[in-house]
Amino acid sequence: MNRNLTCIICPRGCSLTVEGEKDNLVVTGNACPKGKQYAIDECTHPTRTVTSIVRVENRVDTMVSVKTAAPIPKENIFDVMEKIRAAKVQAPIVAGTVILSDVYGTEVIATKTVL
Amino acid sequence: MREHDIVVVGGGPAGLAAAIAAYDSGVTDVVVLDRESSVGGILRQCIHNGFGLHKLGRELTGPEYADVYRCEVEKRGIRVYCETTVTGVTADRVVTAQNKEGVLKIKAGAVVLAMGCRERSRGALNISGTRPAGVYSAGTAQKFINCEGYMVGKKVVILGSGDIGLIMARRMTFEGAKVEAVCELMPYSGGLTRNIVQCLEDFGIPLYLSTTVAEIHGKERVEGVTIAQVDENRRVIEETKRYIPCDTLLLSCGLIPENELTRGAGIPIDPITSGALVDENRQTEIPGIFACGNVLQVHDLVDYVSDEAEMAGIGAASFVKNGAVSGKTVETKPGNGVRYVLPQRVHTESGKDVSLFLRVTQPFPKVRFTVKSGDVVLATAQRLKAAPGEMEKITVKSEKLQGAQEPITVSLEVL
Ligand SMILES: Cc1cc2nc3c(=O)[nH]c(=O)nc-3n(C[C@H](O)[C@H](O)[C@H](O)COP(=O)(O)OP(=O)(O)OC[C@H]3O[C@@H](n4cnc5c(N)ncnc54)[C@H](O)[C@@H]3O)c2cc1C
Ligand code: SF4
């Protein structure tokens, strides 16, 4: 493998190069260890945090923002979006409340408090 | 007239961090005024993650980041007045505001301006063609979708590749829209590289550089746009004109600091940053009035907004306790390859290190920045790359500043 990536872990956005075989990947260009982990993950099983909104049923024109508590596999983004779209919530909701459990090994939680 | 030690205008991340820092510096009579129904500013609509890595050491969404600061404000009992619009600030620090109860006049010991910025509107852009529905500024679309749950369109073209445009490209895609293209007038994107990767490349959305929207088509609703490449002088190249059917055009063409109040107070403005001229404590040219956050310079990272706001809060508290900082100052100036330097004036004998914030004029490969006062080098810094979209910070040690007589310039050379 020989792949060029941009690290998306922090705003510095280091340009990374990944070389070698699947179980012996060599990463260069990273300014910190997080970049190495990111590059290896990105080449083996890329993940992303998904953020969206869910309508609050018992409030007029009110949405609560949500996110996956941990990154989920990149290829499942749209499936997770479907699940989030189908979700229903009632206020009051406190930030951190679980909205959907068991979503690709993590949960979808509220990121805003709606009283 | 009421009196308060410190009045903070705006309760976005800048205003909240300034209020907390002022309080923690020992001035507890601090009030925050915001025209919206809750604090948090623009972060309330930025539901994506990517906030707080630098400042809080964890990655949060916009609302979560704002909430961290709102809780800290509450913990200290700092009073916040929402739905309260400030209509005037005078040079002798009388703040006039309006809310349901009527007009409020406050004599402030010090004022912190933290009004944020607003988006450049279509009027300021001059695209020819019709004026149908379906043309939104990216931030307005973001507010509609994220706060009100109203989806603005299905087939989208975005003009401008700043961070808001990039974030919205992904957001619209998540909601099932097809983003046909992101067009950028300049030969490079103004957004963070990480946003290009995770908002465009992840979804195969094309980014066309040196390209603009030449015409908007449609009577009632947008039916399509004509995009075209531009030459070095940003003039449309006729032969490259191309029609893209779409029902929505998002404009993400930059932010303008909201400085009406600043001008009203007679505070001098830097023509390049469009924000006030300040010293290293973020004090404007009028003693006792401070500015921070997007109203001072457009930031791409909220973490730096919070840092800057803390400087302003500490500065305001010190002004209330000890009066204006005295001592010699020198100006700072952008040199080769540098668009602006902030603060525009620094005290040389304060005994404190001073961080200079700057943006470069265009993308550069590996560079070295040199900070000089006359012929004396005060600091140097190397970067593997530099781009206008990413603010740089270079710190000058107090012992180097001491005795500096000539204006301080920051310039770069390509290595
Ligand atoms: C769409 C978008 C995406 C972003 N994405 C990221 C990201 O991924 N990561 C990151 O770190 N940063 C991001 N940022 C940048 C960051 O959010 C901003 O830099 C930050 O919010 C600026 O804070 P502020 O307090 O200066 O301004 P604002 O958040 O705009 O707050 C200003 C406040 O002042 C109030 N106000 C204005 N005028 C008056 C008045 N006359 N009277 C009373 N109140 C007034 C407003 O109501 C508002 O609450 C993003 C910004 C935007 C717009
Ligand atoms: S490698 Fe480290 S410093 Fe570089 S972008 Fe990634 S997280 Fe940031």
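Description of the structure in this document. Given the structure is predicted, the values throughout are model-derived calculations rather than measurements.

**Here we look at the site of ligand 2**
Inspection of the region around ligand 2 gives Cys7(A), Ile9(A), Cys10(A), Gly13(A), Cys14(A), Asn30(A), Ala31(A), Cys32(A), Lys34(A) and Gly35(A) as its neighbouring residues. Its residues placed into classes, the shell around ligand 2 shows 6 nonpolar, 3 polar and 1 charged.

**Describing the interface of chain B and chain A**
Across the contact, 28 residues belong to chain B and 29 residues belong to chain A. Summed over both partners, the interface of chain B with chain A comes to about 2400 Å²; 54% of that surface belongs to carbon and sulfur atoms. For the chain B face of the interface with chain A, the top three residues by lost area are Phe174(B), Arg194(B) and Asp202(B), together amounting to 23%. Inspection of the chain B/chain A interface yields 4 salt bridges. We note a salt bridge from Arg85(A) to Glu175(B), for which the minimum N-O separation is 3.1 Å. Linking chain B with chain A are 12 residue pairs in polar contact (both at pLDDT 80 or more), by the criterion used here. Among the secondary structure elements, those contributing two or more residues to the side of chain B that touches chain A are helix H2 (62–75), helix H3 (138–148), helix H4 (163–174) and helix H5 (193–200) of chain B.

**A closer look at the packing of aromatic side chains**
Any two aromatic rings considered together are summarised by their centre-to-centre distance and by the angle between their planes. Residues and elements named next belong to chain B. Inspection of the entire model under this criterion finds 8 aromatic pairs over all chains. The interplanar angle of 85 degrees and the centroid separation of 5.4 Å between the aromatic rings of Phe-144 and Tyr-150 together place this pair among those described as edge-to-face. A relative accessible area of 41% places Tyr-150 in the partly exposed class. We note Arg-242 situated over the ring of Tyr-208; from NZ or CZ to the ring centre the distance is 5.2 Å.

**With respect to the packing of helix H1 (residues 13–24) of chain B against helix H7 (residues 302–322) of chain B**
For any two helices packed against each other, one specifies the inter-axial angle together with the distance between the axes. Residues and elements named next belong to chain B. It is the contact of H1 with H7, at a shortest axis distance of 7 Å, that shows an interaxial angle of 40 degrees. Classed by the angle they form, the pair H1 and H7 counts as oblique. Note on packing geometry: the crossing formed by H1 with H7 is right-handed. On the side of H1, the interface is formed by Pro-13, Ala-14, Ala-17, Ala-18, Ala-21 and Ala-22, while H7 contributes Val-302, Val-305, Ser-306, Ala-309, Glu-310, Gly-313, Ile-314 and Ala-317. In the contact of H1 with H7, the residues fall into 11 nonpolar, 2 polar and 1 charged.

**Topic: the site of ligand 1**
Residues and elements named next belong to chain B. In the vicinity of ligand 1 lie 33 residues, with Ala-14, Asp-34, Ile-42, Asn-294 and Val-302 positioned nearest. Separating a nitrogen atom of ligand 1 from a backbone N or O atom of Asp-300 is a distance of 3.1 Å. Protein contact buries 94% of the 1000 Å² of open area that ligand 1 shows by itself. Of all the elements in the fold, those that place two or more residues in the shell around ligand 1 are H1, strand S3 (49–51), strand S6 (85–89) and H7. Considering each element in turn, the shell around ligand 1 owes the most residues, 3 residues, to H7. Residue composition of the shell around ligand 1, grouped by class: 15 nonpolar, 13 polar and 5 charged.

Reading the values: the criteria
Residues numbered from 1 in each chain as written. Chains lettered and ligands numbered in written order. Predicted model: local features only at pLDDT ≥ 70, side-chain atom pairs only at ≥ 80, totals over all residues. Heavy atoms only, no water. Near = heavy atom within 4 Å. Nonpolar A, V, L, I, M, F, W, Y, C, P; charged D, E, K, R; others polar. Contact = heavy atoms within 4.5 Å. Buried area = accessible area lost by both parts, 1.4 Å probe. Salt bridge = Lys/Arg side-chain N within 4 Å of Asp/Glu carboxyl O. Polar contact = N/O pair within 3.5 Å; in protein donor to acceptor, adjacent residues only side chain to side chain. Helix = DSSP H or I, 4+ residues; strand = E, 2+ residues; numbered from the N terminus. Phe/Tyr/Trp six-rings, centres within 6.5 Å; stacked < 30°, edge-to-face > 60°. Buried < 20%, exposed > 50% of the residue type's maximum accessible area, 1.4 Å probe, protein only. Lys NZ or Arg CZ within 6 Å of the ring centre and 35° of its normal. Axes fitted to C-alpha atoms, helices over the stretch in contact; angles between N-to-C directions. Parallel < 35°, antiparallel > 145°, perpendicular 65-115°, else oblique. Left-handed = near helix turned anticlockwise from the far one by under 90°. Areas by Shrake-Rupley, 256 points an atom, 1.4 Å probe, with all protein chains shown as cover.

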